[in-house]
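Residue-level listing of the chains:
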Amino acid sequence: VSKQVLEQVLSQLQPLCASEQKFLQEFFWLGCDSVELQVRVGTVSSPVSYPSLGAEEATAQVLSELFSCLEPELRAFLDFCSRAQPLGSLQVLGTLSDSVLGTWDSSSASSPFLLSLLGNVLLLAKSNFNKCIGTLCKELEEAKTPSRMRGGILPCVSRFQELVAFSEELFRTSQRRGELDKAQLRLASSVFSSISSLSSANLKVSPDMVMMENFHHVHNFLCQKNIPCLEDKKREAKQRFREHMEKYVTTSLGQLLERLQHFFEGVKARLAQGVKEEEVSFQLAYSKQELRKVIEKHPGKEVRRALESLYRTIHKYLSPEENLLPVVWKAMEQEFIRQYREFEGLIQRCYAGAGIALDFTMEDLLSYFNCITMSN
């Protein structure tokens, strides 16, 4: 309603001011030079030197007095719109921008009074809008998660989508988006910060899973909207999604193969310190006997059971609308294969001829993942 009222007021202001300006100039002879004034008053035979009356300034001054209540009333209306609803200032700015700047573009047909008036009102609208965006950014940054929330899309992300979608609809036909672009960048920065801080706010799931899923959601949303000023944020969301998915996968498999991973990290550390490959097995903590003990802790059946448990956990906590389960599970498989090959390579290099091997083969590993995927 406020948007319609403002549009109606603005549509009537220019013809009203133009009409009054024409009347003042014609009735009071504003803007006439001294010769023209002499002709009009019939004093050509007795020339008198009249000073220039400054048409624009004189007209603007009279219009200001005639419409002295107009600017205070417009300011009061803008303030009312800002207080009446959270995004009222956004509606006002969207309406004013095209109308006011359109008037400036055709300024030759407009009075200095109207240009000055609309300029002052637009500055107020921008100020109210910036305050509104500041409040919304603070709302996003200080957002809390529901006490029973296990994961999924955070409320601040949904709110960000709502704000961006609403603002895009308001400015859908506008060619003047400067203020909106800056505001959307501020909102995006705030929601990115909020995702990072809320991911560890006593949720019952891995922080990396929360960030992975929410950055993926933001990336998809920005892809759908295709907003030029948010292209960098879209790329950042994609990058952070991948980073946190990799961290989640690595951490999860690290817990599943904890003893093996710890053992081989130690082997790699010795190699990095200059110990020769054929001498690693003579280190007490990395002897052949110690390696066999570690391998016994990870029999194939236990590995498969642990993978099944991991799959159920991922399935439980990932929100179905994101459809990330197959993506994450494929990343798990690829990372496990990489680790397996690394472990096998270290055994062959540092424990050659000892007849030591992991309890499960590559074929076993592929079978585990395939069976788990097919059965779910």
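For every chain, the first residue of the written sequence is number 1, and numbering continues from 1 along that sequence. In keeping with the model being predicted, local features are shown solely for residues with a pLDDT of at least 70 and side-chain atom pairs are shown and tallied solely at 80 or more, while totals for entire chains, interfaces and linings include all residues. To get the side-chain values, take all heavy atoms of the structure and skip hydrogens and water.

A. Quick look at the overall build of the protein chain. Looking only at helices and strands, the protein chain has 15 helices and zero strands in total. The burial tally for the protein chain puts 45% of its 376 residues in the buried class. Contact between two residues is taken to exist if any of their heavy atoms lie within 4.5 Å; hydrogens are not considered. Long-range pairs, those at least 24 residues apart, make up 75% of the contacts in the protein chain with a sequence separation of at least 6. Residue exposure ignores everything except the shown protein chains as possible cover, and the areas themselves are Shrake-Rupley values with a 1.4 Å probe. For the protein chain, the computed accessible surface area is about 20500 Å², with 51% contributed by carbon and sulfur atoms. By the criteria applied, helices consist of DSSP H or I runs no shorter than four residues and strands consist of E runs no shorter than two, each listed in order from the N terminus. In this scheme, a residue with accessible area under 20% of its type's maximum is buried, one over 50% is exposed, and one in between is partly exposed, where area comes from a 1.4 Å probe on protein chains only.

B. Representation of the pattern of salt bridges. Any Lys or Arg side-chain nitrogen located within 4 Å of an Asp or Glu carboxyl oxygen qualifies as a salt bridge. Inspection of the entire model under this criterion finds 21 salt bridges. As a salt-bridge pair, Glu236 and Arg240 come within 3.3 Å of each other at their nearest N and O atoms. In this pair, Glu236 and Arg240 both sit in helix H10 (residues 231-256), four residues apart, roughly one turn of the helix. The partly exposed category is assigned to Glu236, whose relative accessible area is 26%. The exposure class of Arg240 is buried, given its relative accessible area of 19%. A single salt-bridge network, built from bridges that share partners, covers Glu265, Lys268, Glu335, Arg338 and Glu342.

C. Up close: the confidence of the model for the protein chain. A residue-level look at the protein chain finds 86% of positions with pLDDT of 70 or above and a mean pLDDT of 84. Values of pLDDT, ranging from 0 to 100, describe the predictor's confidence in every residue of the model. The low-confidence segment residues 33-53 (pLDDT under 50) makes 19 contacts with residues lying over four places distant or belonging to another chain.

D. Focus on the packing of aromatic side chains. Two aromatic rings, drawn from Phe, Tyr or Trp (for Trp, its six-membered ring), form a pair once their centres lie within 6.5 Å of each other, and the interplanar angle then sorts them: stacked below 30 degrees, edge-to-face above 60, tilted otherwise. Counted according to the given criterion, the structure contains 11 aromatic pairs. Seen in terms of ring centroids, Phe160 and Phe221 are 6.2 Å apart; in terms of plane orientation they differ by 70 degrees. Their pairing is edge-to-face. Of this pair, Phe160 sits in helix H7 (residues 155-170) while Phe221 sits in helix H9 (residues 207-225), and the two are 61 residues apart along the sequence. A residue is classified by how much of its surface remains accessible, and Phe221, at 6% relative accessible area, is buried. Geometrically, the ring pair formed by Phe336 and Phe360 is edge-to-face, given 6.2 Å between the ring centres and 90 degrees between the ring planes. Highlighted residues: Phe336 in helix H14 (residues 325-350) and Phe360 in the loop between H14 and helix H15 (362-374), separated in sequence by 24 residues. Through pairs of rings, three or more aromatic residues link up here, namely Tyr311, Trp329, Phe336, Tyr340, Phe360, Tyr368 and Phe369.

E. A look at helix H4 (residues 70-84). Each residue after the first adds 1.5 Å to the expected span of a helix. Its 15 residues place the ends of H4 21 Å apart at the C-alpha level, agreeing with the 21 Å of an ideal helix rising 1.5 Å per residue. Listed as buried for H4 are Leu70, Leu74, Leu78 and Cys81. Considered in projection along H4, the buried side chains sweep an arc of 70 degrees and stay on one side of the axis. In H4, those exposed residues whose orientation departs by more than 90 degrees from the buried face are Glu73 and Arg83. Arc, as used here, means the arc of the directions from the helix axis to the C-beta atoms.

F. Structural view of H15. Taking 1.5 Å of rise per residue, 13 residues should cover 18 Å, and H15 covers 18 Å from first to last C-alpha, within 8% of that figure. Here H15 has its buried residues at Met362, Leu365, Tyr368, Phe369 and Ile372. Relative to the axis of H15, the buried residues are bounded by an arc of 125 degrees and lie together on one face. Facing away from the buried side of H15 by over 90 degrees, the exposed positions are Glu363 and Met374. Contacts made by the buried residues of H15 are with helix H13 (300-317) and H14.

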